[in-house]
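One-letter residues, chain by chain:
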Amino acid sequence: MSFLYKADPARGAVWAKLFAERLPDMPFKIWPDIGDPAQVRYLAAWQPPEDPARTLPNLEVLFSVGAGVDQLDLSGFPAHVPVVRMIEPGIVERMVEYVTHAVLTIHRDFLDYAGQQRQACWTELPVRPAASCRVGVLGLGMLGTAVLERLRLFGYDCAGWSRSEHRIEGVACYAGEQALDAFLARTDVLVCLLPLTPATRHMLDARLLGKLPRGASLVQTGRGAHLVQDDLLRLLDDEHLRCALLDVTTPEPLPADHPLWWHPRVRITPHIASATHPETAVESVLENLRRHRLGLPMIGEIDRHRGY
Ligand code: NDP
Ligand code: OXD
């Protein structure tokens, strides 16, 4: 019985060391050195091998090395193979840092000041209290909830939107399609932390973004395909939207001549908002291996029909 890792090799080396210390009886393989494929019972991957049912005929669990699972082509995995996403504190904390920085950048006008600096311009802009800045997070899961809990401490007026009802102290929670317009109408900084599913693909289009108040901004930390990029450009040029901070795009990376790279009201980072922290990620996988062996539910198992 072996555990196969197929993702970033540098992180894989850390996983291998931790597995050797914590679970020495489990041979740990790093793709493409998979050993005997029939021995592979567990796979941790960002992108799984092609035709997994044939390549890894005895696979029992697929672990995503990320919090999202849309990057995994699950069509080749038999229905009995559970798919488990990454639930670990490191990925949560990195995302909280990123979104906090993004919201502060927008609220405290740092994009404007960067533009002013390029023109050697020294002009004070009015300082607005955090309470006057209405932040709205799409997605109230592991990441959206943690982000809102932190932003609330800065005094932002916080709200979130999800499919089902949630309760988060100090946060106005909206649920379902019927509540979306009201949520958007009270949002100055929209943060996307949704999973990419058929229901959320291209959801951030002109229709939805147009329901934000004039002068609102976007922080896009979900997946590139949530956003209709041409619609975003149009809304920025019309000054309906003030600015956009994009961590994810379509494609990744954008071609060098893509207008988003050069737009003065857009800031782009290369899908680094968060990442699993190998030490805590391995802890989480080891706990799930223990649960799987005992026949207990694993933490982070997704619903393959729902897509998250
Ligand atoms: P979770 O699965 O914990 O939460 C997803 C949330 O989205 C839930 O609140 C869910 O609602 C809501 N949701 C899903 N579909 C819909 C829908 N159709 N309408 C309304 N709400 C919906 O995910 P995480 O918080 O762990 O992660 C979210 C995403 O963040 C990941 O899928 C990934 O795409 C992205 N990500 C990006 C990273 C980056 O570096 N840029 C890093 C890590 C993740 P409900 O609670 O009702 O089910
Ligand atoms: C993830 C990511 O889903 O890094 O974990 O995007």
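Residues numbered from 1 in each chain as written. Chains lettered and ligands numbered in written order. Predicted model: local features only at pLDDT ≥ 70, side-chain atom pairs only at ≥ 80, totals over all residues. Heavy atoms only, no water.

Engineer: Help me understand the sheet that holds strand 1 (residues 2-6), please; the structure alone is not making it clear to me.
Structural biologist: Two pairing modes exist for strands in a sheet, parallel and antiparallel, and in both the strands are linked by backbone hydrogen bonds. The five strands lie next to each other as 2-1-3-4-5, forming an open sheet whose pairing is parallel. Edge positions in the sheet fall to strand 2 (28-30) and strand 5 (83-84), since each has one partner strand and no second. Summarising the sheet, strand 1 and strand 2 pair through three bridges and their orientation is parallel. Residue Tyr-5 lies in a different strand from strand 2, and its bridge partner there is Ile-30. Strands in contact with helix 10 (residues 278-294) are strand 1, strand 3 (40-45), strand 4 (61-64) and strand 5; relative to strand 4, the strand with the most contacts, it is inclined by about 160°. (Pairing = 2+ DSSP bridges. Helix = DSSP H or I, 4+ residues; strand = E, 2+ residues; numbered from the N terminus. Contact = heavy atoms within 4.5 Å. Axes fitted to C-alpha atoms, helices over the stretch in contact; angles between N-to-C directions.)

Engineer: Teacher, can you tell me more about helix 10 here?
Structural biologist: Since the α-helix turns once every 3.6 residues, residues separated by three or four places project in the same direction. Here helix 10 is 17 residues long and its end C-alpha atoms lie 24 Å apart, about the 24 Å a rise of 1.5 Å per residue gives. Pro-278, Ala-281, Val-282, Ser-284, Val-285, Leu-286, Asn-288 and Leu-289 are the residues of helix 10 that are buried. On its buried face, helix 10 sits against strand 1, helix 1 (9-22), strand 3, strand 4 and strand 5. Among the residues trailing helix 10, Gly-295 stands out with phi positive, at a value near 75°. (Expected span 1.5 Å × (residues − 1). Buried < 20%, exposed > 50% of the residue type's maximum accessible area, 1.4 Å probe, protein only.)

Engineer: Teacher, can you tell me more about the side chain of Gln-116 here?
Structural biologist: In this structure, Gln-116 sits in helix 4 (residues 110-118). When sequence neighbours within four positions are dropped, the list of residues in contact with Gln-116 reads Cys-121, Trp-122, Thr-123 and Leu-125.

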